[in-house]
Amino acid sequence: MGTPSHLVQLIRSLYQNQEAIVRTPYGDTDWFEIGKGTRQGCILSPAAFNMYAEKVMRNAGLEDSSIGVRIGGRNINNLRYADDTTLLAESGKDLEDLVLLVKKESEKFGLYLDVKKTKIMSTSATTNINMKIDNEDIEVVDDFIFLGSKINRDGSSFVSLSTFSLFNCLSKKMAGETPDDPNGNENSEKELRKDDSDQTETNGVTSDKLVKLPISRIRKIIKLDPDVSLASQEAMVALTKATELFVQYLSREAAIYTFQGKRKTLQRKDLDNAVERTDTLAFLDGALE
């Protein structure tokens, strides 16, 4: 990987002889040793995991593989974000080869493929793909959620209404207002459409096309800080886009627990689980109470 040895030793020292306890309503457990996993809340954890995953992919030889799709003159066969991996191929056989290759190398590093969370989507209307991993069929779908956006087999994508509803709840809570009833999706949608309309009138067509969340709501949150009295239009658009990306990420992480619970509606407990179990969201611990 080319990482200097002194940095490797420094990071290794953070993980040597780690111990932890678990707090329960009945008291703390005894101290126990941690054998694997990244440190909760540590800013190095995302980078450490990315290096770990990168090593797996390099050992699998994906960079040198001819399997993939040509995009901008380059061969692309994998897209990765944290522990989410998307493999790309031009045929079902090539895709199966990629999956088995990555699965084999991942298991050498203690990472295992969750077949129930693995989906296949084909952009060809005439191609039927059937694939088995460990004698289990991998589900073929017409769309899937990737980084907070719903990707359809025709190539189109959009941010689901649940993402906007979640933003509505979070932003109102931050602004000290009473969030809408979580079951009142229709009211939330109407308000968001009104905000979008106000945004177009206030900020013009250009900024409205750059972001999907209401800039007026972000401006209201920013004004809660007494040290920030003015913000340029360019800054508002950038901050709104950053908020949009964050809400998409938080929604995606929380949706994992929604799906695990075999539910269609994202609930507060899903957010709590995401914050508790995702290193990059540890800073939100207690913030939503």
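The written sequence of each chain sets the order in which its residues are numbered from 1. Since the coordinates come from a predicted model, pLDDT governs what is reported: local features require at least 70, and pairs of side-chain atoms require 80 or more to be given and counted, while whole-chain, interface and lining totals use all residues. Note that the side-chain values use all heavy atoms of the structure and ignore hydrogens as well as water.

Asker: Got a minute to help me understand the packing of helix α7 (residues 233–260) against helix α8 (residues 268–277) in this structure?
Answerer: Axes here mean lines fitted to C-alpha atoms, for a helix over just the part in contact, with angles spanning 0 to 180 degrees between N-to-C directions. What counts as a helix is a DSSP run of H or I of at least four residues, what counts as a strand is a run of E of at least two, and both are numbered from the N terminus. Contact geometry for α7 and α8: axes closest at 8 Å, N-to-C directions at 110 degrees. In terms of orientation, α7 and α8 fall into the roughly perpendicular class. Note on packing geometry: the crossing formed by α7 with α8 is right-handed. In this structure, α7 uses Leu250, Glu253, Ala254, Tyr257 and Thr258 to contact α8, whose residues at the interface are Asp270, Leu271, Asn273, Ala274 and Arg277. Residues are grouped as follows: Ala, Val, Leu, Ile, Met, Phe, Trp, Tyr, Cys and Pro are nonpolar; Asp, Glu, Lys and Arg are charged; every other residue, Gly included, is polar. A breakdown of the residues in the contact of α7 with α8 according to their chemical character gives five nonpolar, two polar and three charged. For classification, angles of less than 35 degrees are called roughly parallel, those exceeding 145 degrees roughly antiparallel, those between 65 and 115 degrees roughly perpendicular, and all remaining angles oblique. Each helix crossing is assigned a hand: it is left-handed if the near helix lies turned anticlockwise from the far helix by less than a right angle, otherwise right-handed if that turn is clockwise. Contacts are assigned to residue pairs that have any heavy atoms within 4.5 Å of one another.

Asker: Could you clarify how one ought to interpret the nonpolar core in this entry?
Answerer: Nonpolar side chains in soluble globular proteins tend to end up buried together. Ranked by size, the top nonpolar core spans 15 residues in total, and within it Leu62, Leu87 and Met131 carry the most contacts. Among the elements that make up this core, the one with the highest residue count is helix α3 (residues 92–108) (four residues). Among all residues touching Leu87, those that are not within four sequence positions of it are Leu62, Asn77, Asn78, Leu95, Leu98, Val99 and Val102. Here the nonpolar core consists of buried residues drawn from Ala, Val, Leu, Ile, Met, Phe, Trp, Tyr and Cys, with membership extended through side-chain atoms lying within 4.5 Å. Exposure categories follow from relative accessible area, calculated using a 1.4 Å probe and restricted to protein chains: below 20% of the type maximum is buried, above 50% is exposed, and the middle band is partly exposed. Tyr249, Leu271, Val275 and Leu284 belong to the second-largest nonpolar core, a separate cluster that totals nine residues.

Asker: Sorry, what's going on with α3 here?
Answerer: With 17 residues, α3 should cover 24 Å at 1.5 Å per step; its first-to-last C-alpha distance of 25 Å lies within 8% of that length. Taken together, the buried positions of α3 are Leu95, Leu98, Val99, Val102, Lys103, Glu105 and Ser106. In this structure, the buried side of α3 is in contact with α2 (45–60), β8 (84–87), β9 (119–120) and β10 (132–133). Trailing α3 by a residue or two, Gly110 shows a phi angle of about 80 degrees, which is positive. Expected helix span is given by 1.5 Å per residue-to-residue step, counting one fewer step than there are residues.

Asker: What should I look at first to understand the environment of Val141 in this one?
Answerer: Within the fold, Val141 resides in the loop between β12 (139–140) and β13 (143–146). For the pair formed by Val141 and Met121, sequence separation is 20 residues and the distance between their alpha carbons is 5.4 Å. Contacts of Val141, omitting those with residues within four sequence positions, involve Lys119, Ile120 and Met121.

Asker: Quick question: what am I supposed to make of the pattern of salt bridges here?
Answerer: Side-chain pairs of opposite charge can arise whenever the charged atoms involved come near each other. Between Lys or Arg on one side and Asp or Glu on the other, a salt bridge is scored when a side-chain nitrogen of the former is within 4 Å of a carboxyl oxygen of the latter. In this structure the tally under the stated criterion is twelve salt bridges. Residue Arg80 is joined to Glu54 by a salt bridge in which the shortest nitrogen-to-oxygen separation is 2.9 Å. Pair noted here: Arg80 is in strand β7 (residues 78–81) and Glu54 is in helix α2, with a separation of 26 residues, a long-range link. For Arg80, a relative accessible area of 34% gives the class partly exposed. The exposure class of Glu54 is buried, given its relative accessible area of 16%. Glu244 serves as the salt-bridge partner of Lys241, at 3.0 Å between the closest nitrogen and oxygen. One end of the pair, Lys241, and the other, Glu244, are both in helix α7, three residues apart, so they sit about a helical turn from each other. Lys241 sits in the partly exposed class, given a relative accessible area of 31%.

Asker: Even after reading the chapter, I still don't get the packing of aromatic side chains, so can you show me in this structure?
Answerer: For any pair of aromatic rings, the description rests on two quantities: the centre-to-centre distance and the angle between the ring planes. The rule is short: rings of Phe, Tyr and Trp, with Trp giving its six-membered ring, pair when the centres are within 6.5 Å, and they are stacked under 30 degrees, edge-to-face over 60, tilted in between. What the rule picks out here adds up to one aromatic pair. Arranged with centres 5.6 Å apart and planes meeting at 90 degrees, the rings of Tyr52 and Phe109 form a pair that is edge-to-face. Separated by 57 residues along the polypeptide, Tyr52 in helix α2 and Phe109 in the loop between α3 and β9 bring together distant segments of the chain. For Tyr52, a relative accessible area of 35% gives the class partly exposed.

Asker: Looking at this model, I keep getting lost on unusual backbone geometry. Mind explaining?
Answerer: Generally, phi is negative for residues other than glycine and the peptide bonds are trans, each holding for most cases. Positive phi, normally seen in glycine, also occurs at Asp134, with a value near 55 degrees. With respect to the secondary-structure elements, Asp134 resides in the loop between β10 and β11 (136–137).

Asker: Looking at this model, I keep getting lost on the confidence of the model for the protein chain. Mind explaining?
Answerer: Taken as a whole, the protein chain shows an average pLDDT of 76; of its residues, 78% reach a score of 70 or greater. Within a predicted model, pLDDT stands for the predictor's per-residue confidence, ranging from 0 to 100. The low-confidence segment residues 181–206 (pLDDT under 50) makes 31 contacts with residues lying over four places distant or belonging to another chain.

Asker: What's the story with the packing of helix α6 (residues 215–222) against α7 in this structure? I'm lost.
Answerer: Packed helices, taken two at a time, are described by the angle their axes make and the gap between the axes. With their axes 9 Å apart at the nearest point, α6 and α7 run at an angle of 100 degrees to one another. Classed by the angle they form, the pair α6 and α7 counts as roughly perpendicular. On α7, the residues touching Ile215, Ile218, Arg219 and Ile222 of α6 are Gln233, Met236, Val237, Leu239, Thr240 and Thr243. The class makeup of the residues in the contact of α6 with α7 is six nonpolar, three polar and one charged.

Asker: I'm lost on a nonpolar patch on the surface in this one. Help?
Answerer: Patch rule: a residue counts if its relative accessible area is over 30% and it has no salt bridge; like charges are joined within 9 Å, and nonpolar side chains (Val, Leu, Ile, Met, Phe, Trp, Tyr) within 5 Å. Areas reported here follow the Shrake-Rupley algorithm with a probe of radius 1.4 Å; residue values treat only the protein chains shown as occluding. Where nonpolar side chains cluster on the molecular surface, the patch consists of Leu14, Ile43 and Leu44 and spans about 290 Å² of accessible area. Within the secondary structure, Leu14 is located in helix α1 (residues 5–15).

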